[in-house]
Amino acid sequence: MTKKKVAFSGIQPSGDIHVGNYLGAIKNWARMIDEVDCIFCIVDLHAITVMYDPAEMQERILRAAAVNIACGLDPARCRIFVQSRVPEHTELCWLLNTVTPIGSLERMTQFKDKSQQQQENVNTGLFDYPVLMAADIMLYKANVVPVGDDQLQHLELCREIVRKFNARFGDVFPEPQERLSQAPRIMGLDGKAKMSKSLGNHISLIDEPDAVWKKLAPAFTDPARQRRSDPGNPDICNIFTMHRGFSPPEVVQRVNGECRGAEIGCVECKKMLLEHMLKELEPIRTRAKELIAEPERVYSALSEGAAKCGTVAEATMDEVRRAMGLRK
Ligand code: TYM
């Protein structure tokens, strides 16, 4: 029997999980669940590289886990766990630091952006963030990493670390490849930056329908469309990108043609999107809320996931320590 490929991905418990996370990554993960051996991680150790309130952290972890499970990451069919519960992630990160050039980390655009955003807290963890991410992936010898396009540079660095490690210490790790979705970058509702948990420009997966419409109605579209009679360009419209993620093909085709031909207004187009978005998100919202109300079930799934991942992590670390001469 050939061994199943391993897929690894992570999400930070740093705010409400949103439509960008869903279309860019989670929906793709959930689709892969029976095809590959899937490991999903709530990366709390990454989330502490920005200022946060320790009193809120456990609630955020619970919500992130509940939403991911509700999106289809069924703990009976994959492993889902919290990063800090498997201490090998940080141990491997330290060992990988010794093969990671500082120059490569200095080139990371996310580090540069975050350093600008939080000038009062440019901490070493923020700088080392991509190495911890490489450790997450490499600990499970993952082959596939489903992510949005903002993580591609980190993944390229991970491959560089794999190559450097293998060249010095022997062929221990495979080079992971990204798996992008059809919507690898969803812009924020104001059209200024990518949709993000921290910028207040998102639709949360557990927003009630009224709240979704309140956010969608004023959302940025193709600026060339001032009036209904102005032809639009769906290729540059974030609403159309979301249609591609949520609406059936015939609706996507219709919206594409009617926007270009100025036969449909932006409000009408957004109402159609709302209908299909709510149809898909409603069962997720309901299930996530049920799970949040039953934290013990979620915690028990996370503990089971951590125990299973811990066994794999221990075996990899044993191999790594031997390869590096830290154990006989
Ligand atoms: P995070 O928590 O920022 O985002 C989780 C996933 O959602 C994707 N994403 C988006 N996709 C499309 N449009 C958007 N606007 C958008 N915003 C976010 C992200 O690309 C990501 O796939 N560093 C990672 C977490 C991580 C990880 C890992 C991922 C830690 N270790 C190992 C993969 C493998 C992060 O901050 O994701």
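Whatever comes next refers back to the structure up there.
Definitions and limits used
All residue numbers here refer to positions counted from 1 along the written sequence of the relevant chain. Totals for whole chains, interfaces and linings use all residues, but because this is a predicted model, local features are given only for residues with pLDDT of at least 70 and pairs of side-chain atoms are given and counted only at 80 or more. Based on all heavy atoms of the structure, the side-chain values leave hydrogens and waters out of the count. Working definition of a nonpolar core: buried Ala, Val, Leu, Ile, Met, Phe, Trp, Tyr and Cys residues. They are joined through side-chain atoms within 4.5 Å. Relative accessibility decides the category of a residue: with a 1.4 Å probe and only protein chains considered, values under 20% of the type maximum give buried, values over 50% give exposed, and everything between is partly exposed. Those domain boundaries reflect an automatic or database domain assignment. When checking whether two residues touch, look at their non-hydrogen atoms; a contact exists if any pair is within 4.5 Å. Nearness here has a simple test: a residue counts as near a molecule or strand if at least one of its heavy atoms is within 4 Å of that partner. Pairs of N or O atoms within 3.5 Å make up the polar contacts considered here, provided that, within protein, one atom can donate a hydrogen while the other can accept it, and that residues adjacent in sequence are counted only when both atoms are side-chain atoms. Residue-level accessible areas treat just the shown protein chains as cover; the underlying method is Shrake-Rupley with a 1.4 Å probe. Numbering of helices and strands runs from the N terminus; a helix is a DSSP stretch of H or I covering at least four residues, while a strand is a stretch of E covering at least two. Classification used: nonpolar for Ala, Val, Leu, Ile, Met, Phe, Trp, Tyr, Cys and Pro, charged for Asp, Glu, Lys and Arg, polar for all others including Gly. Stacked, edge-to-face and tilted labels apply to pairs of Phe, Tyr and Trp rings (six-membered ring for Trp) whose centres lie within 6.5 Å, assigned for plane angles under 30 degrees, over 60, and everything in between, in that order. By definition, the crossover connecting two strands over a helix is right-handed if that path, from the first strand to the second, turns clockwise as seen with the strands pointing away from the viewer. Criterion used throughout: strands pair if DSSP finds at least two bridges between them.

Trainee: Honestly, the nonpolar core in this entry has me stumped. Any pointers?
Mentor: Most often, soluble globular proteins keep nonpolar side chains buried together rather than apart. The biggest cluster of nonpolar side chains holds 64 residues, and the ones touching the most others in it are V19, Y22 and M242. Counting the residues that make up this core, at least three belong to each of domain 1 (6-186 + 295-323) and domain 2 (209-288). Setting aside residues up to four positions removed in sequence, M242 forms contacts with V19, L23, I186, L189, L216, S247, L273 and M277. V43, A135, Y140 and V320 belong to the second-largest nonpolar core, a separate cluster that totals 42 residues.

Trainee: Can you walk me through the site of the ligand in this structure?
Mentor: As a matter of local geometry, the ligand sits amid 27 residues, with Y129, D136, D150, I186 and K197 nearest to it. At 2.8 Å from an oxygen atom of the ligand is found a side-chain nitrogen or oxygen belonging to Q12. Contact distances for the ligand include 3.2 Å between a nitrogen atom and a side-chain N or O atom of Q151. In isolation the ligand has 710 Å² of accessible area, and contact with the protein removes 97% of it. Those elements giving two or more residues to the shell around the ligand turn out to be β1 (6-11), α1 (19-32) and α7 (124-139). Across the shell around the ligand, the residue classes tally to 12 nonpolar, 10 polar and five charged.

Trainee: Sorry, what's going on with the packing of aromatic side chains here?
Mentor: Aromatic rings in a pair are described by how distant their centres are and how their planes are angled relative to each other. Applying the stated rule across the entire model yields seven aromatic pairs. Their ring planes at 65° and their centres at 6.1 Å tell us that F81 and Y140 sit as a pair that is edge-to-face. Of this pair, F81 sits in strand β3 (residues 79-82) while Y140 sits in the loop between α7 and β4 (144-146), and the two are 59 residues apart along the sequence. Given the relative accessible area of 0%, F81 is considered buried. Each ring, one from F111 and one from F127, has its centre 5.0 Å from the other, and the planes form 70°; the classification is edge-to-face. Note that F111 is positioned in helix α6 (residues 109-117) and F127 in helix α7, a separation of 16 residues in sequence. Within the aromatic cluster, the residues linked to one another by ring pairs are F8, F81 and Y140.

Trainee: Could you clarify how one ought to interpret the pairing of strand β2 (residues 37-42) in this entry?
Mentor: Counting buried positions over the six residues of β2 gives five, a clear majority of the element. Where the polypeptide runs from β1 across α1 and back to β2, its parallel neighbour, the crossover connection is right-handed. Where β2 lies against β3, four bridges are found, and the strand directions are parallel. Paired with I42 across the bridge in β3 is V82.

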